[in-house]
Amino acid sequence: MKMSRALAILNGITVVAVPFAIYMALVQAPDAINIVPEIRPAQRIIYFHVPSAWTSMLAFLVTFVSSILYLRTNKLRWDIWARCAAEIGIAFTLAAIISGSIWAKPAWNTWWTWDPRLTTYTIVLLLYVAYFMLRSAIDEPGRRARFASVYGVFAFLSVPITFMSIRWWKTIHPVILDPTADFGLGPGMTVAFIIGNITFTILFVTLMANRVRLEWLSERVAALHDALVEGDTLADWQGEGVSPLASPQA
Amino acid sequence: MSRYFHVIAAVLWKDVRTELRTKEVFTSMVVFAALALLIFNFAFELRIPNKSLVVPGILWVTVAFAGVLGLGRAFIAEKDKGSLAGLLLAPVDRSAVYFGKMLANLIFILVVEILILPLITVFFNVPLITLPLLLILLLGTIGFAAVGTIFSALAVNTRAREVLLPVLLFPVLLPVLVAGIRTTIGLLEGDPLSDHLNWLQLIAFFDLLYLVVAFLTFDYVVEE
């Protein structure tokens, strides 16, 4: 399957956007003035940390919606979307946890603390690790997709808790998106912050598009393999409309 | 509608009667809970200045672990004896089967709680048997049984069924567990229940949410 033009353009945009966001975050954004000078460089983690966290939530939302769509329509496409988004979500969750930890060392003088925000976020990570454990424990593809979808729905129920945790609990984690506090960022910082978030969202869409494409390809390779094992030859498939080489719009 | 409740009651009664005859699940849950309490007692006894600091955690961890033990059996026994297929072939709404099973699990866990509450009171000398605390425990257990029952049905059809259930269950139950432990801590410190109404609402909200989502998705879990 050739890469579609839309995907190529999307990849191109991401290749340009990511260095631009890095430039905005590391060079263009001013130093934070209301904190001690030693941790000012560390403060710049916000341009990566918050977008990573936001993107992970977005990814898990995609898993949630795709899971519902799978259960409703029974179409393989939505199961692929759900698992691809969950995978990317785990990657961004790890990025957010690790970048937060690097910031916490100078800011809180510790890599890790059992703060509610950190704890609930780690649980979110475990939720989606469990999602893949469930997947790997089921052999039959239809059942695997169905069960994973049910779990994908349940798993998302506790994701909003993470988001709300810094508002409900006494926590030392800063609240960035507080409508009453005007972001807590200066004007130059806000621009870099917003660009960072947009870029990470684009990055997510790009990763998702590529990952979904890859997954379609591997599904079709598997289908072809099964067909060949059953004794069909490739020539048998090529004449038919139902060929696994046909368009993936199942 | 009354037929629907009839089915729920029939499934519930079937499970209770099976359990009364074998006492398989119940015995293992109670013995496990007692063992857990003893181990906690050894772990904390000599170091903690004030036992009410650790009792909320001990209570909820013991209930959660003993509960997951019982939940695991709920469908494994049915599956192994082949009676699950019969249950699902019955010409009734499957969500009624879910609610029957869920209520049976709820009752089993509640009975275990009724037994371990006095034990904790004795072992740790902390007054646990108060009306607000029982209310919190009841609400938490409803959420636990609601998610646990459907996940038990999920896990029974997988390869690593007994290992998988707690891994699936505990992260999803986090909101209920956290709210339950927070409220228990507050109550043991002498706060009135009205100080913790937001947590109470949170548990009630999640109970409802879990029940609704389980009601909507149970069909997909037992579909063959």
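If you're wondering where the values come from, they're calculated on a predicted model, not measured in any experiment. (Residues numbered from 1 in each chain as written. Chains lettered and ligands numbered in written order. Predicted model: local features only at pLDDT ≥ 70, side-chain atom pairs only at ≥ 80, totals over all residues. Heavy atoms only, no water.)

Under the definition given, this model contains 17 aromatic pairs over all chains. The interplanar angle of 80° and the centroid separation of 5.1 Å between the aromatic rings of Phe154 of chain A and Phe151 of chain B together place this pair among those described as edge-to-face. Taken as a pair, Phe154 of chain A in helix H6 (residues 141-157) and Phe151 of chain B in helix H6 (residues 131-155) lie in two separate chains rather than in one. Given a relative accessible area of 0%, Phe151 of chain B falls into the buried group. On the numbers, 5.3 Å between centres and 45° between planes, the contact of Tyr98 of chain B with Phe218 of chain B is tilted. One end of the pair, Tyr98 of chain B, is in helix H5 (residues 94-124); the other, Phe218 of chain B, is in helix H8 (residues 197-222), with 120 residues separating them in the sequence. Note on Tyr98 of chain B: relative accessible area 0%, which makes it buried. Ring pairs connect the aromatic residues Tyr151 and Phe154 of chain A together with Phe151, Phe205, Phe206 and Tyr210 of chain B, which therefore count as one cluster. A cation over an aromatic ring shows up here: Arg77 of chain A above the ring of Trp78 of chain A, its NZ or CZ 5.8 Å from the ring centre. Seen from the ring of Phe75 of chain B, Lys101 of chain B lies directly overhead, with NZ or CZ sitting 5.0 Å from the centre. (Phe/Tyr/Trp six-rings, centres within 6.5 Å; stacked < 30°, edge-to-face > 60°. Helix = DSSP H or I, 4+ residues; strand = E, 2+ residues; numbered from the N terminus. Buried < 20%, exposed > 50% of the residue type's maximum accessible area, 1.4 Å probe, protein only. Lys NZ or Arg CZ within 6 Å of the ring centre and 35° of its normal.)

Tyr128, Tyr151 and Phe154 of chain A together with Phe151 and Tyr210 of chain B are the most contacted members of the largest nonpolar core, which totals 110 residues. In terms of residue count, H6 of chain B provides more of this core than any other element does, 13 residues in total. Those residues in contact with Tyr128 of chain A that sit more than four places away from it in its chain are Phe60, Thr63, Ala86, Ile90, Gly152, Ala155, Phe156 and Val159 of chain A. One finds Ala59, Ile80, Ile88 and Trp216 of chain A within the second-largest nonpolar core, a separate group that totals 13 residues. (Core = buried A, V, L, I, M, F, W, Y, C linked by side-chain atoms within 4.5 Å. Contact = heavy atoms within 4.5 Å.)

Attention shifts here to the interface of chain A and chain B. Each partner contributes residues to the interface: chain A has 25 residues there, and chain B has 29 residues. Both sides of the chain A and chain B interface together cover about 2,500 Å² of buried area, and 76% of this is carbon and sulfur. In this structure, the connection of chain A to chain B is made through one salt bridge. Where Asp139 of chain A meets Arg159 of chain B, a salt bridge forms, and the shortest distance between an N and an O atom there is 2.6 Å. Between chain A and chain B we count six residue pairs in polar contact (both at pLDDT 80 or more) in total. Secondary-structure elements contributing two or more residues to the side of chain A that touches chain B are helix H3 (46-73), helix H5 (116-136), H6 and helix H7 (159-168) of chain A. Of all the elements, H6 of chain A adds the most residues to the side of chain A that touches chain B, at nine residues. Along the lines of polarity and charge, the residues of the side of chain A that touches chain B split into 18 nonpolar, three polar and four charged. (Buried area = accessible area lost by both parts, 1.4 Å probe. Salt bridge = Lys/Arg side-chain N within 4 Å of Asp/Glu carboxyl O. Polar contact = N/O pair within 3.5 Å; in protein donor to acceptor, adjacent residues only side chain to side chain. Nonpolar A, V, L, I, M, F, W, Y, C, P; charged D, E, K, R; others polar.)

This prediction gives chain A a mean pLDDT of 82; 82% of its residues lie at or above 70. The low-confidence segment residues 239-250 of chain A (pLDDT under 50) makes 18 contacts with residues lying over four places distant or belonging to another chain. (pLDDT = per-residue confidence, 0-100.)

Along the chain, Glu215 of chain A falls in helix H8 (residues 187-229). Discounting chain neighbours no more than four positions away, the residues touching Glu215 of chain A are Ile80, Arg83 and Cys84 of chain A.

To continue, consider the side chain of Thr63 of chain A. Inspection of the secondary structure assignment puts Thr63 of chain A in helix H3. With sequence-adjacent residues up to four places away left out, Thr63 of chain A is seen in contact with Ala82, Ala85, Ala86, Tyr128 and Tyr131 of chain A.

With that settled, the discussion passes to a nonpolar patch on the surface. Together, Phe20, Ile22, Tyr23, Leu26 and Val27 of chain A line one region of the surface with nonpolar side chains, adding up to about 460 Å² of accessible area. Tracing the sequence through the fold places Val27 of chain A in helix H1 (residues 5-28). (Patch = residues over 30% accessible without salt bridge, like charges linked within 9 Å, V, L, I, M, F, W, Y side chains within 5 Å. Areas by Shrake-Rupley, 256 points an atom, 1.4 Å probe, with all protein chains shown as cover.)

Any two side chains of opposite charge can pair, given that their charged atoms come close. On inspection of all chains with the given rule, the structure shows 12 salt bridges over all chains. Of the charged contacts in the structure, one is a salt bridge between Arg211 of chain A and Glu215 of chain A, with a shortest N-O distance of 2.7 Å. Of the two residues, Arg211 of chain A and Glu215 of chain A are both situated in helix H8; the distance of four residues between them amounts to about one turn of the helix. The exposure class assigned to Glu215 of chain A is buried, which follows from its relative accessible area of 13%. Residue Arg73 of chain B is joined to Glu162 of chain B by a salt bridge in which the shortest nitrogen-to-oxygen separation is 3.8 Å.

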